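Examination of the molecular architecture
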Amino acid sequence: MAQVKRPLSPHLQVYRWGWHMAASIFHRVTGSALAVGSVLLTWWFVAMATGHEYFNTVQGYAGSVIGRIVLFGMTLALMQHLLSGIRHLFMDMGKLYGLKVNTSTARFTFIGSVILTLIVWYAAYKVMGVL
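This part is about the layout of surface pockets. Size it by volume and the largest pocket reaches roughly 760 Å³. Lining the largest pocket we find 24 residues, and of these Trp 44, Ala 62, Gly 67, Val 70 and Leu 71 sit closest to its centre. Taken together, the elements giving at least two residues each to the lining of the largest pocket come down to helix 1 (19-50), helix 2 (52-63), helix 3 (65-92) and helix 4 (99-128). Counted by class, the lining of the largest pocket contains 17 nonpolar, six polar and one charged residues.

Here it is in C-alpha cells:
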C-alpha cells in the first residue's frame, strides 16, 4: 500500500491575524484574569467578615490608585469575557460562522466591553456621589 502524503500543519507565520483570533485568545486570558480576581474578591469578603480594622486596611488597598486600576481591569475583563461568552453561545448554536459576521461580532466584543466598563464605572461613581 502506498503512503499517502498528507499536508503538514502550517506554521504560525502563515496565518493572518484577525479579530476572531484575538477574541478567542482574549476570552481565555480574561477567564484566567477573572480566576485571579475571584481570589481578590474572596480576600475582600474575608476582610468584611473579619472586622472593621482589617476591612479598612483592605479597602485602603482597593481604593488606592493601583487598586482602582486593578478593579477597572477586572471590570473590563468581566465585560470582555461576558460578551465573548455570549458570542460563543451563538456559535455553539451554529450561527455567526460567516466570515464577515464572525469578524464583526469579534470586533464588537472589544468595543462593547470598553463601553460597558465605562458605563459601569460611571454609574458606580454617580451612586457614590463623586460625579
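Let us look at the side chain of Ser 84. Structurally, Ser 84 is set in helix 3. Residue classification places Ser 84 among the buried residues on the basis of a relative accessible area of 0%. At 3.1 Å, the side chain of Ser 84 and the side chain of His 27 are in polar contact. In contact with Ser 84, other than residues within four places in its own chain, are Ala 23, His 27 and Thr 109.

At a minimum axis separation of 8 Å, helix 1 and helix 3 run at an interaxial angle of 130 degrees. Taken as axis vectors, helix 1 and helix 3 run oblique relative to one another. Note on packing geometry: the crossing formed by helix 1 with helix 3 is left-handed. Where helix 1 abuts helix 3, its residues His 20, Ala 23, Phe 26, His 27, Thr 30, Gly 31, Ala 33, Leu 34, Gly 37 and Leu 40 lie against Val 70, Met 74, Ala 77, Leu 78, Gln 80, His 81, Ser 84, Gly 85, Arg 87 and His 88. Residue composition of the contact of helix 1 with helix 3, grouped by class: nine nonpolar, ten polar and one charged.

Positive phi outside glycine occurs at Leu 96, with the angle close to 65 degrees. Inspection of the secondary structure assignment puts Leu 96 in the loop between helix 3 and helix 4.

With respect to the helices and strands, His 81 occurs in helix 3. Separated by 44 residues in the primary sequence, His 81 and Tyr 125 have C-alpha atoms spaced 23 Å apart.

Calculation criteria
- Residues numbered from 1 in each chain as written.
- Predicted model: local features only at pLDDT ≥ 70, side-chain atom pairs only at ≥ 80, totals over all residues.
- Heavy atoms only, no water.
- 1 Å grid on protein atoms, 1.4 Å probe; cavity = no way out; pocket = protein on both sides within 12 Å on 5 of 7 lines; lining within 4 Å.
- Points joined across faces, edges and corners; volume = space filled by probe spheres on them.
- Helix = DSSP H or I, 4+ residues; strand = E, 2+ residues; numbered from the N terminus.
- Nonpolar A, V, L, I, M, F, W, Y, C, P; charged D, E, K, R; others polar.
- Buried < 20%, exposed > 50% of the residue type's maximum accessible area, 1.4 Å probe, protein only.
- Polar contact = N/O pair within 3.5 Å; in protein donor to acceptor, adjacent residues only side chain to side chain.
- Contact = heavy atoms within 4.5 Å.
- Axes fitted to C-alpha atoms, helices over the stretch in contact; angles between N-to-C directions.
- Parallel < 35°, antiparallel > 145°, perpendicular 65-115°, else oblique.
- Left-handed = near helix turned anticlockwise from the far one by under 90°.

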